[in-house]
Amino acid sequence: MRTIDEQGYHFEEWLTPEQIRADVQQVADRISADYKGKEPLFVVVLNGAFVFAADLIRALKNVRCEITFIRVSSYWGMSSKGQLEFIVPLQQVVDQRDVVIVEDIVDTGLTIHQLKAHFRALGATSTRVASMLFKPNKLEYEDSKPDYVGHEITDEFVIGYGLDFDGFVRNLDAIYKVKE
Ligand code: IMP
């Protein structure tokens, strides 16, 4: 098993690149079935979701779609800040669009809760969520439960495949769990 030491913490490989590929394909197949004949707008939440999004959109089958990006900040290091700030605002019109928000991980659900409200206020027809990871035990906002999940996880802190630790290690090809 591969391990990484980052900023004094020890991490062990949890999802291998092969497992991630299977998870992404499963999510892509469900989205392809649900959005058949529609033209969804994927809104990728930067920075973390860019790796998942790049794999996800290429795994879709026969879905005519557009992709745009948004960057918000609600998290720093290992504890949630609880405040959402728009760093890169939405560049695309979401009015009358079927929006699929693409996230790396849903934790408390604050980010998704606020983004859904934002897109609804802007006139989106529907707002669903695809997240590579989901921490159901941590969820505080019921409307933020992702519609499409790659893998569920308990409360551990994870890094890699887009997920950072204070800005670093997003480029790891696997997802690693912190070991206490
Ligand atoms: P939420 O708003 O509490 O759902 O937090 C979502 C954001 O927190 C994600 O987009 C990540 O940036 C960050 N986050 C939550 N858990 C982790 C983790 O285990 N590793 C890295 N980032 C995390």
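Okay, so let's go over this structure. Quantities reported herein were computed from a predicted structural model and do not represent experimental measurements.

**Comments concerning the environment of Gly-123**
As for its position among the elements, Gly-123 is in the loop between helix H3 (110-121) and strand S7 (126-134). With relative accessibility at 25%, the residue Gly-123 sits in the partly exposed group. A sequence separation of 56 residues divides Gly-123 from Lys-179, and the C-alpha atoms of the two residues are 44 Å apart. Excluding anything up to four places from it in sequence, Gly-123 contacts Val-94, Asp-95 and Gln-96.

**Comments concerning the site of the ligand**
Near the ligand, the surroundings consist of 17 residues, among which Asp-104, Thr-108, Gly-109, Thr-111 and Val-158 are the closest. Side-chain polar atom of Thr-111 to an oxygen atom of the ligand: 2.4 Å apart, as the coordinates give it. Compared with its free state, where it exposes 490 Å², the ligand has 93% of that area covered by protein. At the level of secondary structure, the elements contributing two or more residues to the shell around the ligand comprise strand S4 (66-76), strand S6 (98-106) and H3. Residue composition of the shell around the ligand, by class: seven nonpolar, four polar and six charged.

**Structural notes on the sheet that holds strand S9 (residues 158-159)**
Note: strands within a sheet are paired through backbone hydrogen bonds, in either parallel or antiparallel orientation. The four strands lie next to each other as S1-S2-S10-S9, forming an open sheet whose pairing is antiparallel. Each edge of the open sheet carries a strand with a single partner, namely strand S1 (3-6) and S9. When S9 meets strand S10 (residues 175-179), the two strands line up antiparallel, connected through two bridges. By the bridge assignment, Val-158 is partnered in S10 with Lys-177.

**Brief notes about the pattern of salt bridges**
Where charged atoms from two side chains of opposite charge come close, those side chains can pair. Counting across every chain of the model gives 12 salt bridges. Note that Glu-39 is salt-bridged to Arg-64, the shortest N-O span being 2.7 Å. Placement of Glu-39 in the loop between helix H1 (17-34) and strand S3 (41-46) and of Arg-64 in the loop between helix H2 (50-59) and S4 is noted, with a sequence separation of 25 residues between them. A residue is classified by how much of its surface remains accessible, and Arg-64, at 59% relative accessible area, is exposed. In this structure, Asp-107 engages Lys-135 in a salt bridge whose closest nitrogen and oxygen atoms are separated by 3.3 Å. Here Asp-107, found in the loop between S6 and H3, pairs with Lys-135, found in the loop between S7 and strand S8 (148-152); they are 28 residues apart in sequence, far enough to count as distant.

**Some words on the side chain of Thr-68**
In this structure, Thr-68 sits in strand S4. Taking the relative accessible area as the measure of exposure, Thr-68 reaches 6% and is therefore buried. Apart from the residues within four sequence positions on either side, Thr-68 is in contact with Leu-41, Phe-42, Val-43, Val-44, Leu-90, Gln-91 and Gln-92.

**Concerning the packing of aromatic side chains**
Per the counting criterion, the structure on display carries four aromatic pairs. The interplanar angle of 65 degrees and the centroid separation of 5.4 Å between the aromatic rings of Phe-157 and Phe-165 together place this pair among those described as edge-to-face. The buried category is assigned to Phe-157, whose relative accessible area is 10%. Through pairs of rings, three or more aromatic residues link up here, namely Tyr-9, Phe-11, Phe-157 and Phe-165. In this structure, Lys-38 packs its charged tip against the face of Tyr-35, placed 5.8 Å from the ring centre.

What counts and how
- Residues numbered from 1 in each chain as written.
- Predicted model: local features only at pLDDT ≥ 70, side-chain atom pairs only at ≥ 80, totals over all residues.
- Heavy atoms only, no water.
- Helix = DSSP H or I, 4+ residues; strand = E, 2+ residues; numbered from the N terminus.
- Buried < 20%, exposed > 50% of the residue type's maximum accessible area, 1.4 Å probe, protein only.
- Contact = heavy atoms within 4.5 Å.
- Near = heavy atom within 4 Å.
- Polar contact = N/O pair within 3.5 Å; in protein donor to acceptor, adjacent residues only side chain to side chain.
- Areas by Shrake-Rupley, 256 points an atom, 1.4 Å probe, with all protein chains shown as cover.
- Nonpolar A, V, L, I, M, F, W, Y, C, P; charged D, E, K, R; others polar.
- Pairing = 2+ DSSP bridges.
- Salt bridge = Lys/Arg side-chain N within 4 Å of Asp/Glu carboxyl O.
- Phe/Tyr/Trp six-rings, centres within 6.5 Å; stacked < 30°, edge-to-face > 60°.
- Lys NZ or Arg CZ within 6 Å of the ring centre and 35° of its normal.

Keep in mind that these numbers describe shape and distance, not what the molecule does.
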